[in-house]
Amino acid sequence: MEITFKYILFLIIFYTFILFGHVFLYKSQVKFLKIECATRRVSLSLFYMIMPTLVFVSFILINFFDNFVVNALFYISSLWLAVVTYILIAVLINWLVFLFVKLLDFKLEYKSFHSFLMGLVLFVSIAGIYNYYDIKNEKVEIEIENLPSQWEEKKVILISDVHIGNYRNQRHLKRLVRKINEYKPDILFICGDFFDGTLFDKDAIIIELSKLRVREKVIFIYGNHELRANQNDIKSVLTESKMQILDDEIIEYQGVIIAGINHSSLKDVEIFEKFSQIISATDDRKPFIFLSHEPVRDVELLQNTGISLQLSGHTHNGQFFPFSLITKAIYKEMNYGLHDYGSFKSY
């Protein structure tokens, strides 16, 4: 990945933000846990200074080095960002309770209450780590108008945002391939961000992808993270793995139109006009499956283009609370799940 000025600027702003956040957490915990020992205060302050710095450094190093130390630092940093989010929520709850108690003029043992909240943070964090490694599947039956008979019993798998790189590497991909093969799919759609944009072992990825047992076709589209990665390496992996890349392209397969858009072309109205013209030129109304890494939220545009089903990823459903509220506010109902708009559906 090429480190751009925008990326460095983002990290600096992000580092400044989380550094001040960690200072706030330090002062709050000293207050609520009643830490008076100078040694404990210094230790806690050092911890809350080191962690944001570790995040900043590891997010840069992961783009240049692929070794145990850098990957471990990146893992710890990523995990800490999730944990510290819940610590922040717990501290904010503690401050709200503190103000509430002050208003009502009664006593509360803040040290015990804060310790209880930290216990909840630990529980939620452990549950989150388990959920991260537990690959789940969601079975969905989708009715599409004019669907050819050969598609009626097809088993199609959609995956997105796998983020293969020097951290989520061959071992993670091995588990994913094994999971996909369990369902013996006819078609596999990969809706972008299969690669993370960081370094990856090209040969190891090819070896694992060669173990995929998809009966008919694997179709791939580019997400935003692929745009940050080495394009030649990505194309090499996809070509060796016999995947079909739809890069602002449209095909017909067994009576169904399938189009894939590059993430960089999402705002290019001409792409949708091109798709619409191709659909209009067909003799009969064929089902149209549209693959877009980020869900296109303009339902009218999609319907006018003649799209029957949009398949997407990107949102991660916010990954975890409270960020799930942000993605829901941005993408509305297209944030997650299957949604029916009559002749058009989105998943």
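What you see is a predicted model, and the numbers here were worked out from it, not measured in a lab.

Q: Give me the lowdown on the pairing of strand β5 (residues 249-253), citing residues and values where you can.
A: Where β5 and strand β6 (residues 256-261) come together, five bridges link them in antiparallel fashion. Paired with Ile-250 across the strands is Ala-259, a residue of β6.

Q: Give a detailed account of the layout of surface pockets, specifying residues and quantitative values.
A: Counted as a void, the second largest pocket has a volume near 240 Å³. Tyr-133, Tyr-167, Arg-168, Asn-169 and Arg-171 are, among the 13 residues lining the second largest pocket, the residues nearest its centre. Counting only elements with at least two residues in the lining of the second largest pocket, the list comes to α3 (68-104), α4 (110-133) and α5 (170-182). The dominant element in the lining of the second largest pocket, judged by the number of residues it contributes, is α3, at four residues. Tallied by class, residues from the lining of the second largest pocket come to six nonpolar, four polar and three charged.

Q: Tell me what's going on with the sheet that holds strand β3 (residues 217-221), and back it up with residues and numbers.
A: Taking strand neighbours across the sheet as the criterion, the four strands line up as β1-β2-β3-β4 in an open arrangement whose pairing is parallel. Each edge of the open sheet is held by one strand with a lone partner, namely β1 (156-159) and β4 (244-245).

Q: Explain the pairing of strand β7 (residues 288-292) residue by residue, including any values.
A: Of all the five residues making up β7, five are buried; the element is thus mostly covered by neighbouring parts of the structure. Of the two faces of β7, the one lined by Phe-288, Phe-290 and Ser-292 and the one lined by Ile-289 and Leu-291 are each fully buried. Bridge count between β7 and strand β8 (residues 309-311): three bridges; the pairing is parallel. Within β8, the position partnered with Leu-291 by the bridge is Leu-311. One crossover worth recording links β7 to the parallel β8 by way of helix α9 (residues 299-305), and it is right-handed.

Q: Can you explain the packing of aromatic side chains? Please cite residues and give values.
A: For the structure shown, the criterion picks out 24 aromatic pairs. For the ring pair Phe-47 and Trp-80, a centre distance of 5.2 Å and an interplane angle of 85 degrees mean the geometry is edge-to-face. Of this pair, Phe-47 sits in helix α2 (residues 38-61) while Trp-80 sits in helix α3, and the two are 33 residues apart along the sequence. Measuring from ring centre to ring centre gives 5.1 Å for Phe-194 and Phe-195, while their planes differ by 80 degrees; the resulting arrangement is edge-to-face.

Q: Tell me about the sheet that holds β8, and name the residues and values.
A: Across the sheet, six strands lie side by side as β5-β6-β7-β8-β10-β9; this open sheet has mixed pairing. Both outer strands of the open sheet, β5 and β9 (339-340), are each paired with one neighbouring strand and no more. As paired elements, β8 and strand β10 (residues 345-346) share two bridges and run parallel to each other. The residue bridging Leu-309 from the neighbouring strand is Lys-345, located in β10.

Calculation rules
- Residues numbered from 1 in each chain as written.
- Predicted model: local features only at pLDDT ≥ 70, side-chain atom pairs only at ≥ 80, totals over all residues.
- Heavy atoms only, no water.
- Pairing = 2+ DSSP bridges.
- Helix = DSSP H or I, 4+ residues; strand = E, 2+ residues; numbered from the N terminus.
- 1 Å grid on protein atoms, 1.4 Å probe; cavity = no way out; pocket = protein on both sides within 12 Å on 5 of 7 lines; lining within 4 Å.
- Points joined across faces, edges and corners; volume = space filled by probe spheres on them.
- Nonpolar A, V, L, I, M, F, W, Y, C, P; charged D, E, K, R; others polar.
- Buried < 20%, exposed > 50% of the residue type's maximum accessible area, 1.4 Å probe, protein only.
- Right-handed = clockwise from strand over helix to strand, strands pointing away.
- Phe/Tyr/Trp six-rings, centres within 6.5 Å; stacked < 30°, edge-to-face > 60°.

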